[in-house]
Amino acid sequence: MHGEMLSLLPQLRGFARFLTGQAAAADDLVQETVLRALGALEQFTPGSSMKAWLYTIARNLFYEQARHRRRERDVMSDYARRPDRLDQESGNAEGEADALRDLDGAIWQLSPLLREALVLVGVQEMTYAEAAAVCGVTVGTIKARVSRARAQIVDYMGPGGPGGR
């Protein structure tokens with residue numbers, strides 16, 4: 001069980017990064033998530049998804065920390081704010097780097113709920129059922145959020161949108 005938890009850390013960190021928008025805050029969130037998970041390991045149901053369980057702990061912890069700081073509005077504002085642009089790597093073609101920045105911009109234009117659903121299903125490769133369990137909503141709600149997120153990205157990236165060419 002510990003090995004499975006360990007193997008999920010890179011994906012958990014990626015999810016935490018989308019929640020917090022900052023690498024250092026994501027590392028702190030992952031660390032606290034693992035500590036809580038280890039402390040509550042007897043509550044994990046064998047045979048269920050360890051990934052969904054860890055993501056649920058991380059998500060709940062993120063919102064709990066926001067409430068405790070009594071700065072929920074500031075935290076959500078920071079969360080919705082777009083992170084620094086991707087640095088161009090020397091090996092990338094300029095067009096590919098522009099496309100990645102445009103996609104990055106499109107993702108950060110989504111509302112936090114739509115972005116969260118898209119990241120869980122599209123980036124973290126969770127099933128709709130796992131993502132629904134993490135977010136505490138129905139599978140239909142997650143499907144609708146992912147569909148809306150994809151549609152908004154298509155609009156953003158289209159010829160008339162800010163990210164279109």
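To keep things clear, this report deals only with the structure shown in the data block. The shown structure was predicted, so the numbers you read here are calculated from the model rather than taken from an experiment. (Residues numbered from 1 in each chain as written. Predicted model: local features only at pLDDT ≥ 70, side-chain atom pairs only at ≥ 80, totals over all residues. Heavy atoms only, no water.)

1. Remarks on the environment of Val123
Checked against the element boundaries, Val123 lands in helix α7 (residues 112–123). Between the alpha carbons of Val123 and Phe15 there is a distance of 8.7 Å; along the sequence they are 108 residues apart. (Helix = DSSP H or I, 4+ residues; strand = E, 2+ residues; numbered from the N terminus.)

2. Remarks on the side chain of Glu116
Inspection of the secondary structure assignment puts Glu116 in helix α7. There is a polar contact of 2.8 Å between the side chain of Glu116 and the side chain of Arg59. (Polar contact = N/O pair within 3.5 Å; in protein donor to acceptor, adjacent residues only side chain to side chain.)

3. Some details on unusual backbone geometry
The backbone phi angle of Glu125 is positive, close to 60°, even though this residue is not glycine. Relative to the elements of secondary structure, Glu125 occurs in the loop between α7 and α8 (128–135).

4. Things to note about the packing of α8 against helix α9 (residues 139–157)
Two elements in contact, α8 and α9, have axes whose closest approach is 8 Å; the angle formed by their N-to-C orientations is 100°. Considering the angle they form, α8 stands roughly perpendicular to α9. Along its contact with α8, which presents Tyr128, Ala129, Ala131, Ala132 and Cys135, the element α9 presents Val139, Ile142, Lys143, Val146 and Arg150. (Axes fitted to C-alpha atoms, helices over the stretch in contact; angles between N-to-C directions. Parallel < 35°, antiparallel > 145°, perpendicular 65-115°, else oblique. Contact = heavy atoms within 4.5 Å.)

5. Section: the packing of helix α2 (residues 9–20) against helix α3 (residues 23–39)
One way to put it is that α2 packs onto α3 with a least axis distance of 8 Å and a crossing angle of 125°. Viewed along their axes, α2 and α3 adopt a mutual orientation that is oblique. For α2 against α3, the interelement crossing comes out right-handed. Here Leu9, Leu12, Arg13, Ala16, Arg17, Leu19 and Thr20 of α2 come into contact with α3, specifically with Ala23, Ala25, Ala26, Asp27, Leu29, Val30, Thr33 and Val34. Its residues assigned to classes, the contact of α2 with α3 shows 10 nonpolar, two polar and three charged. (Left-handed = near helix turned anticlockwise from the far one by under 90°. Nonpolar A, V, L, I, M, F, W, Y, C, P; charged D, E, K, R; others polar.)

6. Thoughts on the environment of Tyr156
Its place among the elements puts Tyr156 in helix α9. Placed 50 residues apart in sequence, Tyr156 and Ala106 show a C-alpha to C-alpha distance of 6.0 Å.

7. Side note on α9
For α9, with 19 residues, the first-to-last C-alpha span of 27 Å sits near the 27 Å given by 1.5 Å per residue. Within the sequence span of α9, burial applies to Ile142, Arg145, Val146, Ala149, Ile153 and Tyr156. The arc that holds every buried residue of α9, seen down its axis, measures 95°, which confines them to one face. In α9, the exposed residues that point more than 90 degrees away from the buried face are Val154 and Asp155. (Expected span 1.5 Å × (residues − 1). Buried < 20%, exposed > 50% of the residue type's maximum accessible area, 1.4 Å probe, protein only. Arc of directions from axis to C-beta.)

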